[in-house]
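# Examination of the molecular architecture
Letter by letter, the chains look like this.
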Amino acid sequence: MGTKETIVELNAEFGIASVARVVEGKGGLPKVEVTCTAATGEMYLLGGEVTSWKPRGREETLFVSAASKWEGGKAIRGGVPVCFPWFGNKADDPKAPAHGFVRAKAWRLDSIERKGDAVTVSMSITSDEGTKKWWPAEFRLVQRTTFGAELVMELEMTNSGSAPQRFEEALHTYFRVGDITKARVRGLDGIRYIDKTDGFREKRQQGDVVIGKETDNVYLDTAHAVEIEDPAMGRRIRVSKENSLATVVWNPWIEKAKAMSDMGDEEWRQFVCVETCNVAKHAVGLEAGAQHRMRAAITISKF
Ligand code: TA6
């Protein structure tokens, strides 16, 4: 079945008149488009990836690169890539795809539900012979996203195998900012972090996180909310979380952005990644048959 037929079929099965529909997105890729009272949003079946959330009366919250590739098998540059079952490079296999394999694979659309003035979209990916080449585990991973006055994402991992598994996970969220040089991330003062731009040295955050160079910090033992202050767009973005003990703050800055084929040379100015995750020493151990659910909730207020 071609993509167009799939889209027609999916829309017939899951579409909700005037609230949510399955349409052809960029590159002809299928996506769910949400237009409910509280917000608009979109989520691609590629990677189970949220690529837009606009609460009613507000501007777009997420950043997506104008140079993103929109091709099956390639991660979308921007939105909320799902990193799983490892973060960054795979320790024991330099040839393995960075951030795991699920963000470049087609996920399954499982449901679209209207909940009051919000809409919840669930997509999932299940282990198969292809995934076992990279990671010999049985699993089902669900990305359940509610587009409403807040954006709530739940990443639910079920260990459907007969052996315990250990994995890393991240909601690698690209937040749009008006000017990265004026933005700051509050809420990590005093928290220990690994500085990936300085030989993975351990450091301690002094005050707010301001971005004035390539920044790639993995904050550890931190379960609480952070706020992105974006004076250029006059807004504050709050990211609260559950069942996550690490937060990553990343901006590639000038040289790294230039070196990325799927990012515009000047786009480093327009986003900061604040990633809700369990990585490094916070990798999750899950017994056979058990389930783990990491949650991120995002709200916007006037700055
Ligand atoms: O989360 C930050 C990071 O791990 C950086 O090191 C950088 O590699 C970024 O992710 C983007 O990775 P990607 O594989 O999407 O280019």
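Just so we're clear, the structure is a prediction, and the values are computed from it rather than from any experiment.

### Re the pattern of salt bridges
The full count for this structure, using the stated rule, is 35 salt bridges. A salt bridge links Asp93 to Lys95, with the nearest nitrogen and oxygen atoms 4.0 Å apart. Given a relative accessible area of 19%, Asp93 falls into the buried group. For Lys95, a relative accessible area of 73% puts it in the exposed group.

### What about the nonpolar core?
Counting residues in each nonpolar core, the largest one holds 75 residues, and the members touching the most others are Phe84, Leu109, Ile112, Val121, Leu141 and Val272. In contact with Ile112, not counting residues within four places along its chain, are Phe14, Ile16, Ala20, Val32, Val119, Thr120 and Val121. Listed in part, the ten residues of the second largest apolar core include Cys83, Ile194, Val248 and Cys277.

### Here we look at the site of the ligand
The full set of residues close to the ligand is Arg77, Phe87, Ala98, His99, Arg103, His172, Lys196, Asp216, Val248, Trp250 and Glu275. Between Arg103 and the ligand, the recorded distance is 2.8 Å, taken from a side-chain N or O atom to an oxygen atom. With respect to the ligand, the side chain of Asp216 contributes an N or O atom lying 2.6 Å from an oxygen atom. Calculation on the ligand without its partners gives an accessible area of 390 Å², and the protein chains cover 79% of this total. Across the shell around the ligand, the residue classes break down as four nonpolar, two polar and five charged.

### Here we look at unusual backbone geometry
With an omega dihedral of 0°, the bond running from Phe84 to Pro85 counts as a cis peptide bond. Take Pro85: it is sitting in the loop between strand 5 (82-83) and strand 6 (108-115). The residue His99 is not glycine, and still its phi comes out positive at about 65°. Inspection of the secondary structure puts His99 in the loop between strand 5 and strand 6. Given the relative accessible area of 12%, His99 is considered buried. You will see that Asp221, though not glycine, has its phi angle at about 50°, which is positive. Taking relative accessible area as the criterion, Asp221 reaches 41% and is therefore assigned partly exposed.

### Comments concerning the confidence of the model for the chain
Detailed reading of the predicted coordinates is not advisable wherever pLDDT falls low. For the chain, mean pLDDT is 97; residues scoring 70 or higher make up 99% of the total. Looking over the chain, one finds the lowest element-wise mean pLDDT in helix 1 (residues 3-14), namely 90, and the highest in strand 11 (residues 169-171), namely 99.

### Details of the environment of Gly25
Examined against the element boundaries, Gly25 turns out to sit in the loop between strand 1 (20-24) and strand 2 (30-35). With relative accessibility at 15%, the residue Gly25 sits in the buried group. Taking the C-alpha atoms as reference, Gly25 lies 10 Å from Ile7; in sequence the two are 18 residues apart. Once residues within four sequence positions are removed from consideration, Gly25 is found in contact with Lys31 and Tyr44.

### Overview of the packing of aromatic side chains
A full pass over the atoms with the stated rule returns 14 aromatic pairs. Ring geometry for Tyr193 and Tyr219: centres 4.9 Å apart, planes at 40°, overall tilted. On the criterion of sequence distance, the pair formed by Tyr193 in strand 14 (residues 192-195) and Tyr219 in strand 17 (residues 215-219) is long-range, its members being 26 residues apart. Residue class for Tyr219 comes out buried when judged on its relative accessible area of 0%. Positioned above the aromatic ring of Trp86, the side-chain terminus of Lys90 is 5.1 Å from the ring centre.

### Re the sheet that holds strand 3 (residues 39-44)
Within the open sheet, the four strands sit side by side as 1-2-3-4. Their pairing is antiparallel. At either margin of the open sheet sits one strand with a lone partner, and together these are strand 1 and strand 4 (49-55). Between one strand axis and the next, the sheet turns by 15° as a mean value, whatever way the strands run. In terms of strand pairing, strand 2 meets strand 3 through five bridges, oriented antiparallel. The residue bridging Glu33 from the neighbouring strand is Glu42, located in strand 3. This element, helix 1, spans strand 1 and strand 2 of the sheet and lies at about 175° to strand 1.

Procedures and definitions
- Residues numbered from 1 in each chain as written.
- Predicted model: local features only at pLDDT ≥ 70, side-chain atom pairs only at ≥ 80, totals over all residues.
- Heavy atoms only, no water.
- Salt bridge = Lys/Arg side-chain N within 4 Å of Asp/Glu carboxyl O.
- Buried < 20%, exposed > 50% of the residue type's maximum accessible area, 1.4 Å probe, protein only.
- Core = buried A, V, L, I, M, F, W, Y, C linked by side-chain atoms within 4.5 Å.
- Contact = heavy atoms within 4.5 Å.
- Near = heavy atom within 4 Å.
- Polar contact = N/O pair within 3.5 Å; in protein donor to acceptor, adjacent residues only side chain to side chain.
- Areas by Shrake-Rupley, 256 points an atom, 1.4 Å probe, with all protein chains shown as cover.
- Nonpolar A, V, L, I, M, F, W, Y, C, P; charged D, E, K, R; others polar.
- Helix = DSSP H or I, 4+ residues; strand = E, 2+ residues; numbered from the N terminus.
- pLDDT = per-residue confidence, 0-100.
- Phe/Tyr/Trp six-rings, centres within 6.5 Å; stacked < 30°, edge-to-face > 60°.
- Lys NZ or Arg CZ within 6 Å of the ring centre and 35° of its normal.
- Pairing = 2+ DSSP bridges.
- Axes fitted to C-alpha atoms, helices over the stretch in contact; angles between N-to-C directions.

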